[in-house]
Structure formats: C-alpha cells, structure tokens
Amino acid sequence: MALQVGDKIPNFSAIDTNGNVFESDTVVGKKSLVIYFYPKDDTRVCTEQACSFRDQYEDFKALGAEVIGVSSDSVKSHQKFAQHYKLPFILLSDSDKKLRKLFGVPNDLLGLIPGRVTYVADKNGVIQLVFNSMSGKIHIEKALEILKRM
C-alpha cells in the first residue's frame, strides 16, 4: 500500500553517499523533510531534477527542511553523481528497492522505469504532499509550495 497524505514517514535505514548507514529517525520528527525517488543517476531528467533541488537547496533549508534523494543506483554511482553536480543533500542507495516498496513508489512506462515521486513531510513526520510525475523540475516547485504553507 502506497504512503499517502496524512501517513507518517516510516522508520528506515539505507546507505548514504558517504557509505554510512542513514537512519530515518535522525531527521523524521525533528524537521520537515523532502524525500524524492528518482529513476537513475546521470540521466537527463534526473540530473535536471537533482540540479534544481541543488539550486534551491538554501530555500529548502530556510524553510527548515532537509532534502533526500533516493534511487536504486549504487553508493559509488551516487558519489560520482553528487560530486560531479555538487549536490549538497543526501542521496540514498536503494539497490534492493526496499525503500521504494516501503513507500509504495510505483513504476512508470509499463512498469519498466522506476517512478519519480516526491514526499513532503512536516516536522512531525506526517506526509503533507505526495507528488507523482515523470517531469523532474515541477517536483521542486510543488515541494516548496507546500513547505511555505506548513
């Protein structure tokens, strides 16, 4: 069952860009959170989306939110991606697709491409927005819009 508005972000752990274990309870319930699932590092739309989050990262921080990107790419791939595009936020490797399943992120295009879904949670960890669109940049606009209203 996919997570929906009003649900609480579940506890999870995954390996971050630095190869460390990231525990969700270090941020969930402590600050607003934007978790975005994307298909693949270094592809056109995913790179545009990541760079848009990067370019507006200070806006997210000013609103008290942390940004976390999640894909099934390896830690090594995330390291290269983050370094090349100077991404200031956390990327998590979901190589076993456990997070994708936990959140209920669907696949797109006949089930062939992992979906692109953004979740925005308030500082209590309650989801305020679930946005599903293969278009990348609009995720940033929608996330900022809801954060400004919280």
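A few points on the structure. (Residues numbered from 1 in each chain as written. Predicted model: local features only at pLDDT ≥ 70, side-chain atom pairs only at ≥ 80, totals over all residues. Heavy atoms only, no water.)

**Observations concerning the nonpolar core**
With 25 residues, the main nonpolar core has Phe60 and Phe89 as its most contacted residues. Listed by contribution, the elements that provide at least two residues to this core are strand E3 (32-37), helix H1 (44-55), helix H2 (57-62), strand E4 (65-71), helix H3 (75-85), strand E9 (127-132) and helix H5 (138-149). Broken down by element, this core gets its largest block of residues, five residues, from H5. With 20 residues, the next largest nonpolar core counts Phe37, Leu92, Phe103 and Val105 among its residues. (Core = buried A, V, L, I, M, F, W, Y, C linked by side-chain atoms within 4.5 Å. Buried < 20%, exposed > 50% of the residue type's maximum accessible area, 1.4 Å probe, protein only. Helix = DSSP H or I, 4+ residues; strand = E, 2+ residues; numbered from the N terminus.)

**Focus on H5**
Compared with the 16 Å implied by 1.5 Å per residue over 12 residues, the 17 Å span of H5 between its first and last C-alpha is a close match. The inward-facing, buried residues of H5 abut E3, H1, H2, E4, strand E8 (117-121) and E9. (Expected span 1.5 Å × (residues − 1). Contact = heavy atoms within 4.5 Å.)

**Let's talk about the layout of surface pockets**
Within this model, the largest pocket holds a volume of roughly 150 Å³. Lining the largest pocket we find Phe12, Ser13, Ala14, Ile15, Ser93, Asp94, Ser95, Asp96, Lys98, Leu99 and Leu102. Those elements that place two or more of their residues in the lining of the largest pocket are strand E1 (13-16) and helix H4 (98-103). When the residues that make up the lining of the largest pocket are grouped by side-chain class, the tally is five nonpolar, three polar and three charged. (1 Å grid on protein atoms, 1.4 Å probe; cavity = no way out; pocket = protein on both sides within 12 Å on 5 of 7 lines; lining within 4 Å. Points joined across faces, edges and corners; volume = space filled by probe spheres on them. Nonpolar A, V, L, I, M, F, W, Y, C, P; charged D, E, K, R; others polar.)

**Brief notes about the sheet that holds E9**
Pairing in this open sheet of seven strands is mixed, and the strands run E2-E1-E5-E4-E3-E8-E9 from one edge to the other. Either end of the sheet is taken by a strand with one partner, and the two such strands are strand E2 (21-23) and E9. For this sheet, the mean angle separating the axes of adjacent strands, direction not counted, is 30°. Set on the sheet, H3 makes contact with E1, E4 and strand E5 (90-93); between it and E5 the angle comes to about 160°. Along the sheet face, H5 touches E3, E4, E8 and E9 and points at about 165° away from the line of E9. (Pairing = 2+ DSSP bridges. Axes fitted to C-alpha atoms, helices over the stretch in contact; angles between N-to-C directions.)

**What about H1?**
Look at H1: 16 Å from first C-alpha to last across 12 residues, which is about the 16 Å you get at 1.5 Å a residue. Turning to H1, the residues buried within the fold contact E3, H2, E4, H3, E8 and H5.

**Details of the pattern of salt bridges**
Tallied over the full model, the rule gives six salt bridges. As a salt-bridge pair, Asp55 and Arg54 come within 2.8 Å of each other at their nearest N and O atoms. For Asp55, a relative accessible area of 55% gives the class exposed. Among the ionic pairs, Glu66 bridges to Lys61, the shortest N-O distance being 3.2 Å. Accessibility expressed as a relative area gives 8% for Glu66, which makes it buried. According to the relative accessible area criterion, Lys61 is partly exposed, its value standing at 34%. (Salt bridge = Lys/Arg side-chain N within 4 Å of Asp/Glu carboxyl O.)

Honestly, that's just the spatial picture; any functional story needs more than this.
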